[in-house]
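What follows is the residue order along each chain.
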Amino acid sequence: MPLLDLQGPVVNRAPIAHVPAPAGSSAAARKFGVKPMPELVWNEDVARETAHLYERIKTVVPAVEWPVFAPYVKAINELKRERNAVILAHNYQTPEIYNCVADFVGDSLQLAREATKVKSEIIVQCGVHFMAETSKILNPEKTVLIPDSRAGCSLAASITGEDVRLLRDRFPGVPIVAYVNTSADVKAEVDICCTSSNALEVVESLGSDTVIFLPDQYLAKYVASLTKVKIIAWKGACEVHERFTGDELRLYRESDPSIQIIAHPECPPDVLAEADYTGSTAGMIDWVRKKRPKRLVMVTECSMADNVQAELPDVEFVRPCNLCPHMKRITLPKILDSLVYMKEEVVIDAMIADKARRSVERMVNLKN
Ligand code: SF4
């Protein structure tokens, strides 16, 4: 079906900036108290106690770097138990976070689903700000912390709640689907959310011949190629995935015709045309586990290839990957700061959170 691109704002506005609360000043710090900063030393005890964790990442993290990470890993895991906190980490987090301190890992949909089951009072979200907001929306009674609230996203920054209200005026009666890579303000204005795992299913669940899909123009195009539903797309883009090109992938294919290429649907159409498989980060991981290709180009954020490589060392990853600067704002020292000082707490206006929850829960509760 034809795809109508709206006049959107300039793609890749600056990421949303959040001013961190001073240590100890947040409601979370008053409620749970501030802990003393643990001693961070590398010695034989730390080496012994963290050896099993280094085993998980030894193929992707050089031994010379582990003495820097290990004291943080030990301190974070101890403090996490003391605080009864849980760490949710996105697939794009670095291997020492993903493999050594996270309790649950996954893509946006898996983390959103996990957030609804969490029993702990404190959630530390290792990902970008919209992910932490989604956890807070689903857990209004819990304390949700993000180690660096400046971790934004070019997609989330490309559209506001006011933009969605203008779309409603322009296309009355047309249902609006928002990719989860949006702010709470935007989620509050739409009919339902989706992730890259379930975008097609969500669009078709609405029973409408036309749907507004925002903010990712490339995911919208990908969905439009799979459905008869007419898609009206916002012109946002992921600054990481839109930089890949079909030309660079063709060069890899020419150099080794047996190479396998898998890509995320946030990539432009000429990239997806070169891919042997297109899917969400969780879909790509499942594909690699099942197919075990000899040589693989994984067209997405760099840390994901590292994390899959740590699990499957027999697969050779040929890397034309791009780093997400926002995901990389989350580091072990900042996670430790979060748990020591109870910062930075995610706070959402109750009325916006209630409205946004309806859109997220409608997605989470979709069958299949
Ligand atoms: S990889 Fe792209 S979509 Fe994901 S957080 Fe970074 S900018 Fe946003």
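Described below are features of the structure shown in this document. None of the values given here were measured: they were computed from a predicted structure.

Turning our attention to the overall build of the chain. The helix and strand inventory of the chain stands at 16 helices and 13 strands. Over its C-alpha trace the chain gives a radius of gyration of 21 Å, about what one expects of a compact globule, namely 21 Å for 368 residues. Overall, the C-alpha framework of the chain stretches about 65 × 55 × 35 Å when taken along its three principal axes. Burial analysis of the chain (368 residues in total) assigns 57% to the buried set. A separation threshold of at least 6 residues defines the contact pool for the chain, and within that pool the share at least 24 residues apart is 66%. Carbon together with sulfur atoms contributes 52% to the accessible area of the chain, which is approximately 15500 Å² in total. If you average the places of the 44 positive and of the 49 negative side-chain charges in the chain, the two averages end up 3 Å apart.

Along the polypeptide, Ser135 turns up in helix H6 (residues 129–138). Ignoring any residue separated from it by four or fewer positions in sequence, one finds Ser135 in contact with Leu88, Ala115, Gln125 and Val144.

Below, the discussion takes up the state of the cysteines. For the coordinates displayed, the defined rule picks out one disulfide. Covalent S-S linkage joins Cys302 and Cys321, the inter-sulfur distance amounting to 2.2 Å. A torsion of 100 degrees about the S-S bond marks the disulfide between Cys302 and Cys321 as right-handed. You can see Cys302 sitting in helix H14 (residues 302–311) and its partner Cys321 sitting in the loop between strand E13 (316–318) and helix H15 (332–341), a full 19 residues away along the chain. Summary of cysteine pairing: Cys194 is not part of a disulfide, and the nearest cysteine sulfur, belonging to Cys193, is at 7.5 Å. With a relative accessible area of 0%, Cys194 lands in the buried category.

This brings us to the nonpolar core. By size, the foremost hydrophobic cluster in this structure holds 99 residues, and its most contacted members are Trp66, Val177, Phe213, Val288, Met298 and Ile335. The leading source of residues in this core is helix H3 (residues 66–83), at seven residues. The next biggest cluster of nonpolar side chains, apart from the first, holds 13 residues, and it includes Val174, Ile176, Val186 and Ile232.

Close to the ligand lie Tyr92, Val128, Cys153, Ser154, Leu155, Asn181, Cys238, Val240, Glu266, Cys324 and His326. Put simply, the ligand lies in the largest cavity. Partitioning the shell around the ligand into residue classes produces seven nonpolar, three polar and one charged.

Once that is clear, we can look at empty space enclosed by the protein. Applying the stated criterion across every chain, the model contains two cavities of 30 Å³ or more. Taken as a whole, the largest cavity holds about 270 Å³ of empty space. Contributions of two or more residues to the lining of the largest cavity are made by helix H5 (108–117) and H6. For the lining of the largest cavity, a count of residues per class yields twelve nonpolar, 13 polar and three charged. Computed from the structure, the second largest cavity encloses a volume of approximately 70 Å³. In this structure, the second largest cavity is lined by Ser108, Leu111, Ala112, Gln125, Phe130, Met131, Thr134, Ser135 and Val180.

Our focus in this paragraph is the packing of aromatic side chains. Counted under the stated rule, the structure contains two aromatic pairs. Plain terms: the ring middles of Tyr54 and Trp66 are 5.2 Å apart, the flat faces sit at 35 degrees to each other, and that makes the pair tilted. Of this pair, Tyr54 sits in helix H2 (residues 44–57) while Trp66 is found in helix H3, placing the two residues twelve residues apart along the sequence. Note on Tyr54: relative accessible area 14%, which makes it buried. Classification of Trp66 as buried rests on a relative accessible area of 4%. Seen in terms of ring centroids, Tyr277 and Trp287 are 6.0 Å apart; in terms of plane orientation they differ by 20 degrees. Their pairing is stacked. Placement of Tyr277 in strand E11 (residues 277–278) and of Trp287 in helix H13 (residues 281–291) is noted, with a sequence separation of ten residues between them. Judged by relative accessible area, Tyr277 falls into the partly exposed class, the value being 24%. For Trp287, a relative accessible area of 11% puts it in the buried group.

Each value, and the rule that gives it
Residues numbered from 1 in each chain as written. Predicted model: local features only at pLDDT ≥ 70, side-chain atom pairs only at ≥ 80, totals over all residues. Heavy atoms only, no water. Helix = DSSP H or I, 4+ residues; strand = E, 2+ residues; numbered from the N terminus. Rg over C-alpha atoms; globule rule 2.2 N^0.38 Å. Buried < 20%, exposed > 50% of the residue type's maximum accessible area, 1.4 Å probe, protein only. Contact = heavy atoms within 4.5 Å. Areas by Shrake-Rupley, 256 points an atom, 1.4 Å probe, with all protein chains shown as cover. Lys, Arg positive; Asp, Glu negative; His and termini not counted. Charge placed at Lys NZ, Arg CZ, Asp CG, Glu CD. Disulfide = S-S within 2.5 Å. Core = buried A, V, L, I, M, F, W, Y, C linked by side-chain atoms within 4.5 Å. Near = heavy atom within 4 Å. 1 Å grid on protein atoms, 1.4 Å probe; cavity = no way out; pocket = protein on both sides within 12 Å on 5 of 7 lines; lining within 4 Å. Sits in = over half its atoms within 2 Å of the grid points. Nonpolar A, V, L, I, M, F, W, Y, C, P; charged D, E, K, R; others polar. Points joined across faces, edges and corners; volume = space filled by probe spheres on them. Phe/Tyr/Trp six-rings, centres within 6.5 Å; stacked < 30°, edge-to-face > 60°.

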